[in-house]
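# Observations on chain architecture
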Amino acid sequence: MKIGTYYYPEQWPREQWERDLDHIAQMGMQIVHLGEFAWGTIEPAEGQYHLDWLHGCVELAARRKLKIILCTPTAVVPVWMAQKYPEIMLTGKRFGGRRHALHLHSRVREFTTKVVTQLAERLGDHPAVIGWQIDNEYNAPFDQSETTHKAFRAWLEKRYGSIENLNKAWGCQFWNTFYSDFSQILFPTSRDADYRNPHETLDASRFWSWSFADYNKLQADILKPRVGERFITTNFMPLHLDCDPADMANDLSLYSWDSYPVTGLEKQTQDETFRIADPAGICMIHDQMASYHNRWAMMELQPGQTNWSGVPTLVYPGAVRLWIWTALAHGAEFVTTYRYRQPLWGMELFHHGLVGTDGVMLSPGGRQFSQVADELKKIPAGKLKPAKTTAPSVGLMLDFEQLWYYTTLPQARRWNQGRFLQMWYRAAMRLGLPIKILQPGRPIPAEIPLVIAPGIQMIDDGLVSKFQQYVTGGGHLLLTCRSGLMNRNGQLWEGPTARPILPLIGGSIEAYDVLPDDRTGQIELDGKKYPWSVWGDLLYAEPETRVLAKYADQFYAGAVAVMQKKQGPGATTYCGAFAEQAFTDALVEKLCKELKLPTTVLPDRVVLRTLGSLKVLLNYQDKPIDVPAGKNARFLIGSKRLEAAGVAIWDEHNDATK
Ligand code: GAL
């Protein structure tokens, strides 16, 4: 477990580098990132590479026993490239910002190859370098250049083989919009269907993600033979639609993401928790990052106020420390922050760093990073890693393709697939259960007792048989409304609603309802009524299917809302409603109790992690709480009473009550 920070030596006078690196080391940090966005300094003129400064800074850092993550500088192309080859710019972008060149363009690829080769040859296997970060937060608006249109056509031709197949996959019979040749196809302008063809837009999302993965592969292939065992990563934004992280699985050895938990945009503002953040949103992405290679890190962690949200709320005292510990308690290999120094100029001049505008004085975030560096010394090495033996209790399936299609064709305006996933995640997190994010392309581990697959609208035979096998093998599968409605092209089945999953769920979906914004309906579960409004399926349950919940009002009061079909030792529960959190919590709690999972019902916004004999409690509330520690618990950090935004870590090893 290491902590560290981004440092941009080229942005500061040379005579301050040593002072800054000394300070970073004195703060207890072990890692600095170097080189990000530095292409303009590395290659100030075409083919002229200046790497001495960077090499020099690597040496200075190494002398202070700091480890280095080198970044490829490709998120900002140098001005000479933009000037000499204007065709490389994304449509409508000009030089002066970042992420403004088209990663698909052959010239960009050519210059990328050269600069990354230079960097990797010079510094790839430097002993102080521990890993490589490729680029920065891949994203771009749907480009409209001829280069992109052509690349999209080539990708489609490979995928479909013939224009007839494409017309079928895109349902072009509708409005008679068929193509007779691939050359007629244009890359869509955005992910909004805009009353165009949603199947086409779904493919556009797939293609765009592939295009970033392909550019990433270009760089990874250069690095791989030159960096030995060092990790290769890129930093993702949470659930950002431009990249499905799974597309890069073969090219990254460690996954990482950037977390800015307090933007001031949180909905819940009645207390101070909007300054601390919602832990479900953070922890779900931690688990997602862990799900690819079981090796992940927190790359950029918000150190204080940011410049970009429009609501730069003051962060709650202690929250940065809480976020660092949250990442470490979810198995992050390291936690680093953007950035060491607050800039004095440029777009992000209001962005806090670990030190303020004088370049020396620790900010509140800086003090908290330093505090964690001290606290880490109290935790025995290796103790924070989730024990290999603790099998996850709940699996949550995250299928990126569904995120894309819901964005293009939401049907219900308030259907937010990211939020829906988070609600199910929060319901399991509230019970203190370890959660594993599952990907549809991988096998479903039979040892996970409960698997929740929310809103898997598009389905294929492979996934249906994985579900079936999992249930036959004794697993409990929870499916929800909007599951199994379509094939992977996003087209409905000719047949009853959700045809492929009907044998699993033991009934049928007769109709659905969506309520206006100012109305809520009621569902009754175990004698208690819960509100819902986003989506409600009206179900028919076959005689042997168990009815768990019913609608309690509207003209269809008494209609089935949740049902469960047993199949041998396993079962499938079908939840027909996108309801509020309280209902989601109640249903998951009921199923977990029936499955006899070892649950601990936690207060809202409190996270409990069990890591071998260590327990970590993370309090995202703005008031103190009691720690559920046994009487022989030995506290390494914190005590029985945990302050607002506080962290407690204790060892239960010698606890006779356990
Ligand atoms: C991130 C980005 C950083 C910096 C930061 C500001 O999204 O990767 O380079 O711009 O935001 O909060």
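Scroll up to find the structure this text is about.
Model, not experiment: these values are computed from the prediction.

## Considering unusual backbone geometry
Omega for the bond connecting Tyr-338 with Arg-339 falls within 30 degrees of zero, at 10 degrees, which places this linkage in the cis form. Here Arg-339 lies in the loop between strand 9 (334-337) and helix 11 (364-376). The phi torsion at Gln-411 lies on the positive side, around 60 degrees, for a residue other than glycine. Position of Gln-411 relative to the elements: it lies in the loop between helix 12 (400-408) and helix 13 (417-429). On the basis of relative accessibility, which here comes to 54%, the residue Gln-411 falls in the exposed class.

## Let's talk about empty space enclosed by the protein
In this approach a probe as big as a water molecule rolls over the atoms, and the regions it shows empty are the leftover space. Summed over the entire model, instances satisfying the criterion amount to two cavities of 30 Å³ or more. What the largest cavity holds in volume is close to 110 Å³. Every residue lining the largest cavity is counted, 16 residues in all, and those nearest its centre are Thr-74, Arg-99, His-100, Ala-101 and His-103. Across the lining of the largest cavity, the residue classes break down as ten nonpolar, four polar and two charged. In terms of lining residues, the second largest cavity is bounded by 13 residues, among which Tyr-138, Phe-236, Met-237, His-240 and Cys-243 are the most central.

## Concerning the site of the ligand
By nearness alone, every residue bordering the ligand is listed as Phe-37, Arg-98, Asn-136, Glu-137, Asp-258, Tyr-260, Glu-300, Trp-308, Tyr-338, Glu-348 and His-351. Between the ligand and Glu-300, the relevant distance is 2.6 Å, taken from an oxygen atom to a side-chain nitrogen or oxygen of the residue. Here Trp-308 contributes a side-chain N or O atom positioned 2.7 Å from an oxygen atom of the ligand. Burial of the ligand by the surrounding chains reaches 95%, relative to a free accessible area of 310 Å². When the residues that make up the shell around the ligand are grouped by side-chain class, the tally is four nonpolar, two polar and five charged.

## Quick look at helix 6 (residues 146-160)
An α-helical turn contains 3.6 residues, so a residue and the one three or four places further along point in the same direction. Helix length check: helix 6, at 15 residues, gives a terminal C-alpha distance of 21 Å against a target of 21 Å (1.5 Å per residue), a fit within 8%. Along helix 6, the residues that are buried comprise Thr-148, His-149, Ala-151, Phe-152, Arg-153, Trp-155, Leu-156 and Tyr-160. Among the structural elements, helix 7 (163-169) and helix 8 (198-223) are those in contact with the buried residues of helix 6. Two residues or fewer past helix 6, Gly-161 is found with a positive phi of approximately 75 degrees.

## A look at the pattern of salt bridges
Opposite charge on two side chains lets them pair, provided their charged atoms get close. Under the defined criterion, the tally for this structure stands at 40 salt bridges. The partner of Asp-203 in a salt bridge is Arg-206, and the shortest N-O contact between them spans 2.9 Å. With Asp-203 and Arg-206 both in helix 8 and three residues apart, this pair spans about one turn of that helix. Across the pair, Arg-206 and Asp-203 agree in class, each one buried. Glu-401 is the salt-bridge partner of Arg-488, the closest N and O atoms lying 3.2 Å from each other.

## Section: the packing of helix 1 (residues 14-26) against helix 3 (residues 52-63)
Their axes nearest at 10 Å, the elements helix 1 and helix 3 cross at an angle of 30 degrees. Between helix 1 and helix 3, the crossing angle belongs to the class labelled roughly parallel. Pair helix 1 / helix 3 crosses with right-handed handedness. From helix 1, Arg-14, Trp-17, Glu-18 and Leu-21 reach across to helix 3, where they touch Trp-53, Cys-57, Leu-60 and Ala-61. By residue class, the composition of the contact of helix 1 with helix 3 is six nonpolar, no polar and two charged.

## Focus on the nonpolar core
One finds Trp-170, Trp-323, Trp-325, Val-335, Phe-369, Phe-467 and Phe-583 to be the most contacted residues of the largest nonpolar core, which totals 212 residues. Per element, the largest residue contribution to this core is eleven residues, and it comes from helix 8. Once residues within four sequence positions are removed from consideration, Trp-170 is found in contact with Phe-152, Leu-156, Tyr-160, Tyr-179, Ile-185, Asn-197, His-199, Glu-200, Asp-203 and Gln-491. Judged by nonpolar contacts, the second largest core, of 15 residues, contains Tyr-8, Phe-37, Leu-254 and Met-299.

## A word on the packing of aromatic side chains
Taken as a whole and assessed by the stated rule, the structure comprises 42 aromatic pairs. Where Tyr-138 meets Tyr-215, the ring centres are 6.4 Å apart and the plane angle is 80 degrees; that geometry is what we call edge-to-face. Remark: Tyr-215 occurs in helix 8 and Tyr-138 occurs in the loop between strand 4 (129-133) and helix 6; sequence separation between them is 77 residues. Summarising the burial analysis for this pair, Tyr-138 and Tyr-215 share the class buried. Aromatic side chains Tyr-255 and Tyr-292 sit 4.2 Å apart centroid to centroid with 25 degrees between the ring planes, which places their arrangement in the stacked category. With Tyr-255 in strand 7 (residues 255-259) and Tyr-292 in helix 9 (residues 279-293), this residue pair connects regions lying 37 residues apart in the sequence. Three or more aromatic residues joined by ring pairs form one cluster here, namely Tyr-138, Phe-142, Phe-152, Trp-155, Trp-170, Tyr-179, Phe-187, Phe-207, Trp-208, Trp-210, Phe-212 and Tyr-215. Above the face of the Trp-12 ring, Arg-341 is positioned so that its terminal group lies 3.6 Å from the ring centre. Here Arg-482 stacks its cationic end above the ring of Trp-415, 4.8 Å away from the centre of that ring.

## Digging into the sheet that holds strand 24 (residues 634-637)
As summarised here, the arrangement of the four strands in space is 21-22-26-24, forming an open sheet in which the pairing is antiparallel. Each of the sheet's edge strands pairs with one partner strand only, and the pair in question is strand 21 (606-611) and strand 24. Direction aside, the axes of adjacent strands within the sheet are offset by 25 degrees on average. Relative to strand 22 (residues 614-619), strand 21 runs antiparallel, the two sharing six bridges. Residue pairing across strands places Thr-610 opposite Lys-615, the latter belonging to strand 22. Together, strand 21, strand 22, strand 24 and strand 26 (647-651) form the strand contacts of helix 10 (residues 319-329), whose direction differs from that of strand 22 by roughly 145 degrees.

Cut-off values and rules
Numbering of residues starts from 1 in every chain and runs along the sequence as written. Local features in a predicted model are, by the rule used here, given only for residues with pLDDT of at least 70; side-chain atom pairs are given and counted only at 80 or more, and totals for whole chains, interfaces and linings are based on all residues. The side-chain values count all of the structure's non-hydrogen atoms but skip hydrogen atoms and water molecules. Comment: elements are numbered from the N terminus, with helices defined as DSSP H or I runs of at least four residues and strands as E runs of at least two. Each residue is placed in one exposure class: buried if its accessible area under a 1.4 Å probe, protein chains only, is under 20% of its type's maximum, exposed if it is over 50%, and partly exposed if it falls in between. Here the term cavity refers to a set of points on a 1 Å grid, laid over the protein atoms alone, in which a 1.4 Å probe fits but cannot get out; the term pocket refers to an open set having protein on both sides within 12 Å along at least five of seven lines, with lining residues being those that place an atom within 4 Å of a point. Grid points are joined across faces, edges and corners, and a volume is the space filled by probe spheres set on the points. Amino acids are sorted into nonpolar (Ala, Val, Leu, Ile, Met, Phe, Trp, Tyr, Cys and Pro), charged (Asp, Glu, Lys and Arg) and polar (every other residue, Gly among them). We call a residue near a molecule or strand as soon as one heavy atom of that residue lies within 4 Å of the molecule or strand. Residues adjacent in sequence count toward polar contacts only when both atoms are side-chain atoms; beyond that, a polar contact is any pair of N or O atoms within 3.5 Å, and within protein one must be able to donate a hydrogen and the other to accept it. Surface accessibility follows the Shrake-Rupley procedure with a 1.4 Å probe radius. Residue values consider only the protein chains on display as shielding. Here the expected span of a helix is defined as 1.5 Å times the quantity of residues minus one. When checking whether two residues touch, look at their non-hydrogen atoms; a contact exists if any pair is within 4.5 Å. One side-chain nitrogen of Lys or Arg within 4 Å of one carboxyl oxygen of Asp or Glu is enough to make a salt bridge. Where helices are involved, their axes are fitted lines through C-alpha atoms of the stretch in contact, as for all axes, and angles between N-to-C directions lie from 0 to 180°. Relative orientations are named as follows: roughly parallel for angles under 35 degrees, roughly antiparallel for angles over 145 degrees, roughly perpendicular for angles from 65 to 115 degrees, and oblique for any other angle. Left-handed describes a crossing in which the near helix is turned anticlockwise from the far one by less than a right angle; the clockwise case is right-handed. Among the buried residues, those of types Ala, Val, Leu, Ile, Met, Phe, Trp, Tyr and Cys that are joined through side-chain atoms within 4.5 Å form a nonpolar core. Planes of paired rings set the category: under 30 degrees apart is stacked, over 60 is edge-to-face and the rest tilted, where pairs are Phe, Tyr or Trp rings (Trp by its six-membered ring) whose centres lie within 6.5 Å. When the NZ atom of lysine or the CZ atom of arginine is within 6 Å of a ring's centre and also within 35 degrees of its normal, the charge is said to sit over that ring. Think of it this way: DSSP has to see at least two bridges between two strands before they count as a pair.

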